[in-house]
Amino acid sequence: QVQLRESGGGLVQAGGSVRLSCLASGRTFSRYTMSWFRQIPGKEREFVAGVAWSTGSTVYADSVKGRFTISRDNAENTVSLQMNSLKPEDTAVYYCAAKFTSGVMLNADRYDYWGQGTQVTVSS
């Protein structure tokens, strides 16, 4: 079992930065692929970024490439999402997700564990 808890959301102006963190419980955190998704009301959960446990390789949605950076610290059981140059369209609830697998999955249905989400609001 893995429990995830996000933190770091809030209100920020367009062009600003926010850093999200996800703290995971569980002794085998290092064996989980970790990803961030986001969701706005009425839409499906959207993949944002992921980091594989096996290689540390990262995958990003085209909409955030060059602006967002995902990283993980297996010693601290955390995964972070540094979000720079934020745009109003980045406004969403951001979720941390985990799956016991080697590679990054883009489909939300493939993930086994989810955090409660944290709101990020970008004002124009």
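This text follows the structure it describes.
Treat the numbers as computed from the prediction; the structure is a model and nothing was measured.

**Some details on the overall build of the chain**
Link 1 in the chain: Within the chain, the secondary structure is distributed over 0 helices and 11 strands.
Link 2 in the chain: The order of helices and strands in the chain, counted from the N terminus, is β-β-β-β-β-β-β-β-β-β-β.
Link 3 in the chain: Compactness check: the chain gives a C-alpha radius of gyration of 13 Å against a globular reference of 14 Å for 124 residues, within 12% of the reference.
Link 4 in the chain: For the chain, the spread of C-alpha atoms along the principal axes amounts to about 40 × 30 × 25 Å.
Link 5 in the chain: For the chain, the proportion of its 124 residues judged to be buried stands at 45%.
Link 6 in the chain: Taking the intrachain contacts of the chain between residues at least 6 apart in sequence as the baseline, contacts between residues at least 24 apart amount to 60%.
Link 7 in the chain: Put simply, the chain shows about 6400 Å² of open surface, and 45% of that area lies on carbon and sulfur atoms.
Link 8 in the chain: Within the chain, the 10 negative side-chain charges are centred at a point lying 4 Å from the centre of the 13 positive side-chain charges.

**Section: the sheet that holds strand β7 (residues 68-73)**
Link 1 in the chain: Taken together, 4 strands build an open sheet; the order of strands is β1-β3-β8-β7 and the sheet is antiparallel. Each end of this open sheet is capped by a strand with a single partner; those strands are β1 (4-7) and β7. Adjacent strand axes in the sheet meet at a mean angle of 15° when their direction is disregarded.
Link 2 in the chain: Relative to strand β8 (residues 78-83), β7 runs antiparallel, the two sharing 6 bridges. Counterpart to F68 in the pairing with β8 is M83.

**So, the pairing of strand β9 (residues 92-99)**
Link 1 in the chain: Counting buried positions along β9 gives 7 out of 8 residues, so the element sits mostly inside the fold.
Link 2 in the chain: The pairing of strand β4 (residues 33-39) with β9 spans 7 bridges and is antiparallel. Each residue of the ladder has a partner; that of M34, found in β9, is A98.
Link 3 in the chain: Direction of pairing for β9 relative to strand β11 (residues 118-123): antiparallel, over a ladder of 3 bridges.

**Some words on the pattern of salt bridges**
Link 1 in the chain: The full count for this structure, using the stated rule, is 5 salt bridges.
Link 2 in the chain: Linking E46 and R38 is a salt bridge whose minimum nitrogen-to-oxygen distance equals 2.8 Å.
Link 3 in the chain: In this structure, D90 and R38 form a salt bridge, with 2.9 Å as the shortest nitrogen-oxygen distance. Separated by 52 residues along the polypeptide, D90 in the loop between β8 and β9 and R38 in strand β4 bring together distant segments of the chain.
Link 4 in the chain: Overall, D90 belongs to the buried group, its relative accessible area being 0%.
Link 5 in the chain: The exposure class of R38 is buried, given its relative accessible area of 7%.
Link 6 in the chain: Connected via shared salt-bridge partners are R38, E46, R67 and D90.

Conventions and cut-offs
Sequence order as written defines residue numbering, which begins from 1 separately in each chain. Reporting of local features is limited, given that this is a predicted model, to residues whose pLDDT is at least 70; pairs of side-chain atoms are given and counted only at 80 or more, and all residues count toward the totals for whole chains, interfaces and linings. To obtain the side-chain values, all non-hydrogen atoms of the structure were included, while hydrogens and water were left out. Put simply, DSSP marks the helices as runs of H or I at least four residues long and the strands as runs of E at least two long, and each gets a number from the N terminus on. Computation of the radius of gyration draws on C-alpha atoms, with the globule rule given as 2.2 Å multiplied by the number of residues to the power 0.38. The buried label goes to any residue with under 20% of its type's maximum accessible area, the exposed label to any with over 50%, and the partly exposed label to all in between, with areas taken from a 1.4 Å probe on protein chains only. Between two residues, a contact is recorded if the distance between any of their heavy atoms is within 4.5 Å. Note on areas: these come from Shrake-Rupley sampling with a 1.4 Å probe, and a residue is covered only by the protein chains present in the view. Neither His nor the chain ends is counted toward charge; the positive residues are Lys and Arg and the negative residues Asp and Glu. Charge positions are represented by NZ for Lys, CZ for Arg, CG for Asp and CD for Glu. When DSSP finds at least two bridges between two strands, those strands are taken to pair. Every angle, taken between N-to-C directions, lies between 0 and 180 degrees, and every axis is a line fitted to C-alpha atoms, over only the stretch in contact when it is a helix. What counts as a salt bridge is simple: a side-chain nitrogen of Lys or Arg found within 4 Å of a carboxyl oxygen of Asp or Glu.

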